[in-house]
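Structural description and commentary
Residues per chain, in single letters:
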Amino acid sequence: MVSTPQLEPSQHKLADFIHRLEAGKALLQDSPLNVLEVVGILKSYGVVLDAYSNNLIYIANHQFLVFFPFFKYFNGEVNPGKLLKFLWHDRINYEYAEYCMKAMFWHGGGDLDTYLDSSEFLAAIEPVIQAKFKFNPLMLALHRAFPEFLPEQIRQLCYYSALGQFWRVMSDIFIDLSDRYDQGEIQSIPDVVEHILQGLVADANRPITYAVTLKRQVYDLLPPSANLTFLMDTAVPYVEAVFFRGTPFPGTISYNGQAYQIPMFQSDFAYGALYADPLPIGSAGIPPTLLMQDMRHYLPEYLLAVYRQGLRQEEDLKIQICQSFQKSMFCVTTAALQGLAPHPLTTNSIEEQKANRKYLEGWMNRFIPSRLLQVNR
Amino acid sequence: MLSFLVWFPLGGVLLLGVWPKSMDPKYARSVALGVAIALLVWTIYLAFLFNPGQITMQFGEFVPWITAIGLNYHLALDGLSLPLLVLNSLLTLIAIWSTDPEIERPRFYYALMLLLNSSVAGAFLAQDILLFFLFYELEIIPLYFLIAIWGGARRGYAATKFLLYTAFSGIVLLASFLGIVWLSGASSFAYEPLRAIIVGAADTPSGLSLKLQLILMVGILIGFGIKIPFFPLHTWLPDAHVEASTPVSVLLAGVLLKLGTYGLLRYGVGLLPDAWVYLSPWLAVWAAISALYGTSCAILQQDMKKVVAYASIAHMAFILLAAAASTELSMIAAVCQMVSHGLISGLLFLLVGVVYKKTGSRDMFFLRGLLNPERGLPLIGSMMILGVMASAGIPGMVGFISEFLTFRGSFPIFPVQTLFCMLATGLTAVYFLLMINRVFFGRLPDELDHIPSVQWSDRLPAAVLVALIFLLGIQPSFIVRWSETQIAALIPYHPRPPQITSVYQPDQHLTRNSIDVLAQSISIRAAD
């Protein structure tokens, strides 16, 4: 009898999760409650992402190089009623979308980042700047004195657009997931992961482009020729910037910068969604809290019912939302890990298994300080 | 009118005593609450009827009782007892409200609460020193049972210690009272005639010799010193507080300790003025030592309740300092400090009680991050911070008024002792901020991730106290105006007679000027 060669069990600190992924399971434990929480929270997240996406694209297209964009969150609809609601804070916290955009912009990654630093990009934006400020000699003089200023603003606007396009896809994936759950097609966490993975794969090569129209003239800022695509140029940098690295935003974490409690290199940052502590979140104005506040308006009734069974019912709703959200982010991360793995994770080939093991152990090193163990408690 | 405050709660006790066991215990709480509300309303009504400008006692009620021994049922009210009476009624209501509705043996518990209220009210109103003593002793019984039955793990030890100390205090006081009456040749225990015999005409040395007064004063100081308590007579208090349930701690700190300071002012300053003035520099030294000792102990504590208990010892010492100085301003300050301490310590004990109820711990090295807005106790923590600020004498709150008046009134007479007491009040910020920092700031640990939510019924009594602390801090004349005129009558001498003040000679000119200016400013405020 010939025995099939077997890969030795991993000795990694998070070996259980490596084995789980190799068995085709997810980072998050499969249970009916987890499925309910993840699908429910992703539904509300999908609704919110839709709004964020629309606003980011609106800002990129219609607030182009507007330096005092007082009404950038109004999506072009400015009237006294909306203004009053805005001042009363009866609105979506679009600031959170900008926070994520800036995290992406700062951490960079992917061909988008490379393209924005290329001479091709600089050449493409110069006519736009000239057109935009044709009758504004002050700005043109400023541009000449500080030639990096306006390009940097346009790079940021490119990120506005790119993140908007990325979230457009993700929003649809999450809403579809919820619909399928309602129809009984989603029964387990692996089903959730599979749905997200298929969504990512389906749109993997969707082009990311960005053009602005000034005086009926269209200017391509991210032209199709740049070959920027959804998966590798927005999804992967987004996961890296927002899920993993993040920023040590005061209020989400305590640190003493002078005592070198912030890593020297950006690549070592671990302040993203997978690391966020749900407990300190709750003070007004902290970016994750803004997202929780937005999501609480769109929670499906079945998820609210679960939260209401908690010790504090709705008193600590934002913390409960954050905990569910973190669970869902580990599902999205699982889908990303599966999608980016060198080989299918359930492969029978020992060589492919070895390559996958190396790949997974590399990722698991980054998960050691994350909330992976807590969300599985 | 005054008898209502003594007999109505006793009626409640009787009602709870004959209450059929078969009836729902929750009605016992309702009866107790009803009685407490009626008492508070009646006390406030009395306060409205009270004439602050009248020097003599008001609403007097006299019934001959055991005339053979000179004991009569004589109640009356003055500016010293009125604020304490209001405090008693208010804190009794708060204590009953804060009691766990599911408490065991509710009829007995609430009956004891009402008995406590009645005996304390009787002690504050008694115009016969033997009657005062009877009420003073009567109050020990319910308090002993309240600690011994509904207390913590070491309740037996704490209750017995309390009983031994206060019983000894009672014996010493009785001996002193008997000595005062017999040696002065009075025919009864009636307070005013006794004071007239001893003090005699205004501004003259008293009828009892200084030597006799000093001997009797030792008993008064030990007796009331245990009750207040001052170092080194204090050791029963931290144990009693730690073991007592929250409502009992509130009453103990808020009202019962005031029986000691009230007694000191009424019977120490009032009946033995020569000895008081003679000893006053040493009493001020004692106050400073007691304040610094309480403060130092509070800094070292790990149990939140012990911190508040030792803080209580430190702050009660300020009353002794103010009384020792015996200026118009400092005597008003003593009354203010009693009210202020009653409200602030009551608030702090209430809040510590809520923390303990919700987290199961008072350990400052275990608790952390309780200000967390969603999973912690944010409102309780915020009120605790306000209470701590009030205790540390932050302006705008009643603690500032009482401490400022105490130090301003005492400094011209005993500058060194006052400075040491000021140091103690400065250190209040140290131990309370240590407590706040450890317990309320930082990240909520995972062990405390599931604290049950706080009900409004838990927050309401503390919120009422916070409101009063602010109200009296902004408008102190609400306390001062009741006491101003009548407290002045208690001051031993103006100016101090030379045969007494030769022992200690402050700068009279400076002293009088300072006092006049401050007293004037207080009068203006009161008039406003």
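What counts as what
Residues numbered from 1 in each chain as written. Chains lettered and ligands numbered in written order. Predicted model: local features only at pLDDT ≥ 70, side-chain atom pairs only at ≥ 80, totals over all residues. Helix = DSSP H or I, 4+ residues; strand = E, 2+ residues; numbered from the N terminus. Rg over C-alpha atoms; globule rule 2.2 N^0.38 Å. Buried ≥ 20, exposed ≤ 12 C-beta atoms within 10 Å, placed from the backbone. Contact = placed C-beta atoms within 7 Å. Nonpolar A, V, L, I, M, F, W, Y, C, P; charged D, E, K, R; others polar. Core = buried A, V, L, I, M, F, W, Y, C linked by C-beta atoms within 7 Å. Axes fitted to C-alpha atoms, helices over the stretch in contact; angles between N-to-C directions. Parallel < 35°, antiparallel > 145°, perpendicular 65-115°, else oblique. Left-handed = near helix turned anticlockwise from the far one by under 90°. pLDDT = per-residue confidence, 0-100. Pairing = 2+ DSSP bridges. Expected span 1.5 Å × (residues − 1).

As a further point, take the overall build of chain A. Broken down by element type, chain A carries 15 helices and 2 strands. Its C-alpha atoms give chain A a radius of gyration of 22 Å, within 12% of the compact-globule value 21 Å for 377 residues. Taking the principal axes of its C-alpha atoms as reference, chain A extends roughly 80 × 50 × 50 Å. Going through the 377 residues of chain A one by one, you find that 41% of them count as buried. A sequence separation of at least 24 residues applies to 78% of the contacts in chain A between residues at least 6 apart.

The number of helices and strands found in chain B is 21 helices and 2 strands. Radius of gyration (C-alpha) of chain B: 22 Å, near the 24 Å computed for a compact globule of 528 residues. With the C-alpha coordinates aligned to their principal axes, the bounding extent of chain B is approximately 70 × 55 × 45 Å. Here chain B holds 528 residues, and the buried ones make up 57% of them. Within chain B, residue pairs in contact and separated by at least 24 positions form 80% of the contacts whose partners lie at least 6 positions apart.

With that out of the way, let us pick up the interface of chain A and chain B. Contacts between the two partners involve 10 residues from chain A, matched on the other side by 9 residues from chain B. Class assignment of the residues belonging to the side of chain A that touches chain B gives a composition of 4 nonpolar, 2 polar and 4 charged.

Turning next to the nonpolar core. Of all hydrophobic cores here, the largest spans 292 residues; its most connected members are Cys331 of chain A together with Ala287, Ala317, Leu351 and Ile469 of chain B. Sorting elements by how many residues they give to this core places helix H14 (residues 328–359) of chain B first, with 19 residues.

Bringing the packing of helix H8 (residues 149–182) of chain A against helix H9 (residues 189–202) of chain A into the picture now. All names here are of chain A. Two numbers describe how H8 lies on H9: the axes approach to 10 Å, and their chain directions differ by 140°. Regarding the angle of H8 to H9, the classification is oblique. Here H8 runs over H9; the crossing is right-handed. Together, Ile173, Leu177 and Arg180 of H8 and Val192, His195, Ile196 and Gly199 of H9 make up the contact between the two elements.

Reading fine detail from the predicted coordinates is not recommended where pLDDT is low. Residue and element names in this part refer to chain B. Residue-level pLDDT values for chain B average 86, and 91% of them are 70 or greater. In the model of chain B, helix H21 (residues 508–527) stands out as the element of lowest mean pLDDT, 43, in contrast to helix H15 (residues 378–391), which has the highest, 94. Here residues 497–519 is a poorly scored stretch, pLDDT under 50, and it has 25 contacts once near neighbours within four places are set aside; other chains count. Low pLDDT, under 50, characterises residues 521–528; the predicted model gives this stretch 10 contacts beyond four residues in sequence or across chains.

All names here are of chain A. In the sheet, strand S1 (residues 210–214) pairs with strand S2 (residues 217–222) via 5 bridges, with the strands oriented antiparallel. Residue pairing in the sheet places alanine 211 in a bridge with aspartate 220 of S2. Counting the residues that bridge the hairpin from S1 to S2 gives 2 residues, and of these lysine 215 lies at a positive phi of roughly 50°.

Proline 229 of chain B follows isoleucine 228 of chain B through a cis peptide bond whose omega is -10°. Looking at where proline 229 of chain B falls in the secondary structure, it is placed in the loop between helix H9 (210–227) and helix H10 (236–243). Between phenylalanine 231 of chain B and proline 232 of chain B the backbone carries a cis peptide bond, its omega angle lying at 5°. Its place among the elements puts proline 232 of chain B in the loop between H9 and H10. Although it is not a glycine, asparagine 227 of chain A sits at a positive phi angle of roughly 55°. Mapped onto the fold, asparagine 227 of chain A is located in the loop between S2 and helix H10 (230–245). The backbone of phenylalanine 59 of chain B sits at a positive phi, close to 55°, despite the residue not being glycine. When you line up the elements, phenylalanine 59 of chain B lands in strand S1 (residues 58–66).

Next up on the list: the environment of leucine 216 of chain B. Residues and elements named next belong to chain B. Looking at the element boundaries, leucine 216 is found in helix H9. Once the C-alpha coordinates of leucine 216 and serine 176 are considered, the two residues, 40 residues apart in sequence, prove to be 5.3 Å apart. If near-sequence neighbours (up to four positions away) are discounted, leucine 216 is found in contact with Ser176, Gly179, Ile180 and Leu272.

In this section: the environment of glutamate 137 of chain B. The residue glutamate 137 of chain B is located in helix H5 (residues 129–138) in this model. A sequence separation of 18 residues divides glutamate 137 of chain B from serine 119 of chain B, and the C-alpha atoms of the two residues are 8.4 Å apart.

Further remarks concern the environment of glycine 272 of chain A. Residue and element names in this part refer to chain A. Here glycine 272 shows up in the loop between H10 and helix H11 (287–296). Considered as a pair, glycine 272 and threonine 209 are 63 residues apart in the sequence and their alpha carbons are 27 Å apart. Glycine 272 has contacts with Val242, Phe243, Phe244, Arg245 and Gly246, leaving out every residue within four places of it along the chain.

Residue and element names in this part refer to chain A. Here helix H6 (residues 119–132) contains 14 residues, and its C-alpha end-to-end distance of 20 Å stays within 8% of the 20 Å for a straight helix at 1.5 Å per residue. Phe121, Ile125, Val128 and Lys132 are the residues of H6 that are buried. Residues of H6 that are buried make contact with helix H5 (110–116), H8, S1 and S2.

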